[in-house]
Amino acid sequence: MIDKLDSSLRFHQEALNLRARRQEVLSANIANADTPNFKARDFNFSSKLTQAVERGRQSMAMTSTSSRHLSGEAQTLGEGELLYRTPNQSSIDGNTVEMDVERVNFSDNAMRYELNLTLLSSKIKSMLSAVQS
């Protein structure tokens with residue numbers, strides 16, 4: 001029973017984690033819009049979400065003081081997994097941040113984050129309703 005609950009919520013959990021990470025990456029792009037030679041970064045959200053759901057959360061070793069402790073897991077998106085964005089129009093100073101593109105991606109990602117929160121909230125409410133019945 002618990003496994004079914006975990007798997008049903010895993011998708012939303014992974015999506016929210018990746019959306020939050022993407023928001024950080026897009027924010028860094030916007031913050032560095034005037035930095036010479038800064039290269040805009042991003043990642044392929046759908047492929048990362050597919051990998052995360054299929055594989056579960058990647059392990060990140062945590063120190064434990066007892067053999068009875070549960071192992072902790074966390075997923076991180078390393079710098080090596082970020083892709084460079086190809087600009088539509090080059091700039092003189094070598095910066096590849098295009099503010100219009102970044103704003104659109106930032107707004108879209110924020111809207112989708114809110115959507116995931118709404119869906120997760122409704123799923124939890126329906127589970128609570130089923131338990132109380």
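Look a little higher up for the structure.
Everything quoted here is computed from the prediction, not taken from an experiment.

1. Details of the overall build of the protein chain
In step 1: A tally of helices and strands in the protein chain yields three helices and two strands.
In step 2: Mapped from its N terminus to its C terminus, the protein chain presents α and β elements in the order α-β-α-β-α.
In step 3: Counting across all 133 residues of the protein chain, residues that qualify as buried make up 26%.
In step 4: Of the contacts formed within the protein chain by residues at least 6 apart in sequence, a portion of 73% connects residues at least 24 apart.

2. Looking at the packing of helix 1 (residues 2-31) against helix 3 (residues 99-132)
In step 1: Here helix 1 crosses helix 3 at 160°, and the two axes come no closer than 9 Å. By the angle between their axes, helix 1 is roughly antiparallel relative to helix 3. Helix 1 and helix 3 meet at a crossing whose hand is left-handed.
In step 2: Of the residues belonging to the contact of helix 1 with helix 3, the class tally is 15 nonpolar, eight polar and five charged.

3. Examining unusual backbone geometry
In step 1: For asparagine 37, which is not glycine, the phi dihedral falls at a positive 65°.
In step 2: With respect to the helices and strands, asparagine 37 occurs in the loop between helix 1 and strand 1 (41-42).

4. Quick look at the packing of aromatic side chains
In step 1: According to the stated counting rule, one finds zero aromatic pairs in the structure shown.
In step 2: Its guanidinium or amino end placed over the ring of phenylalanine 45, arginine 19 lies 3.6 Å from that ring's centre, counting from NZ or CZ.
In step 3: Stacked on the ring of tyrosine 84, the Lys or Arg arginine 41 has its end atom at 4.1 Å from the ring centre.

5. A look at helix 2 (residues 45-55)
In step 1: Those residues of helix 2 that fall on the buried side of the exposure criterion are Phe45, Lys48, Leu49 and Ala52. One side of helix 2 holds all its buried residues, which, seen down the axis, span an arc of 100°.
In step 2: Contacts made by the buried residues of helix 2 are with helix 1.

6. As for the nonpolar core
In step 1: The biggest cluster of nonpolar side chains holds seven residues, and these are Ala15, Leu18, Val25, Phe43, Phe45, Leu49 and Leu82.
In step 2: Within the residue set of this core, elements represented by two or more residues are helix 1 and helix 2.
In step 3: The element contributing the most residues to this core is helix 1, with three residues.
In step 4: Ignoring any residue separated from it by four or fewer positions in sequence, one finds leucine 49 in contact with Phe11, Glu14, Ala15 and Leu18.

7. Quick word on the side chain of histidine 12
In step 1: Take histidine 12: it is sitting in helix 1.
In step 2: Taking relative accessible area as the criterion, histidine 12 reaches 9% and is therefore assigned buried.
In step 3: In contact with histidine 12, other than residues within four places in its own chain, are Asn116, Leu119, Leu120 and Lys123.

8. Quick word on the pattern of salt bridges
In step 1: Taken as a whole and assessed by the stated rule, the structure comprises seven salt bridges.
In step 2: Put simply, aspartate 100 and arginine 103 hold a salt bridge, and the shortest N to O gap is 3.5 Å. On the criterion of helical spacing, the pair formed by aspartate 100 and arginine 103 is a turn pair, its members being three residues apart in helix 3.
In step 3: Classification of aspartate 100 by relative accessible area gives exposed; the value is 59%.
In step 4: For arginine 103, a relative accessible area of 47% puts it in the partly exposed group.
In step 5: Arginine 112 serves as the salt-bridge partner of aspartate 108, at 3.0 Å between the closest nitrogen and oxygen. Taken together, the residues aspartate 108 and arginine 112, both in helix 3 and four residues apart, mark about one turn of the helix.
In step 6: The exposure class assigned to arginine 112 is partly exposed, which follows from its relative accessible area of 38%.
In step 7: Each of Arg22, Asp42, Arg85 and Glu102 takes part in a single network of salt bridges with overlapping partners.

The rules behind the values
- Residues numbered from 1 in each chain as written.
- Predicted model: local features only at pLDDT ≥ 70, side-chain atom pairs only at ≥ 80, totals over all residues.
- Heavy atoms only, no water.
- Helix = DSSP H or I, 4+ residues; strand = E, 2+ residues; numbered from the N terminus.
- Buried < 20%, exposed > 50% of the residue type's maximum accessible area, 1.4 Å probe, protein only.
- Contact = heavy atoms within 4.5 Å.
- Axes fitted to C-alpha atoms, helices over the stretch in contact; angles between N-to-C directions.
- Parallel < 35°, antiparallel > 145°, perpendicular 65-115°, else oblique.
- Left-handed = near helix turned anticlockwise from the far one by under 90°.
- Nonpolar A, V, L, I, M, F, W, Y, C, P; charged D, E, K, R; others polar.
- Phe/Tyr/Trp six-rings, centres within 6.5 Å; stacked < 30°, edge-to-face > 60°.
- Lys NZ or Arg CZ within 6 Å of the ring centre and 35° of its normal.
- Arc of directions from axis to C-beta.
- Core = buried A, V, L, I, M, F, W, Y, C linked by side-chain atoms within 4.5 Å.
- Salt bridge = Lys/Arg side-chain N within 4 Å of Asp/Glu carboxyl O.

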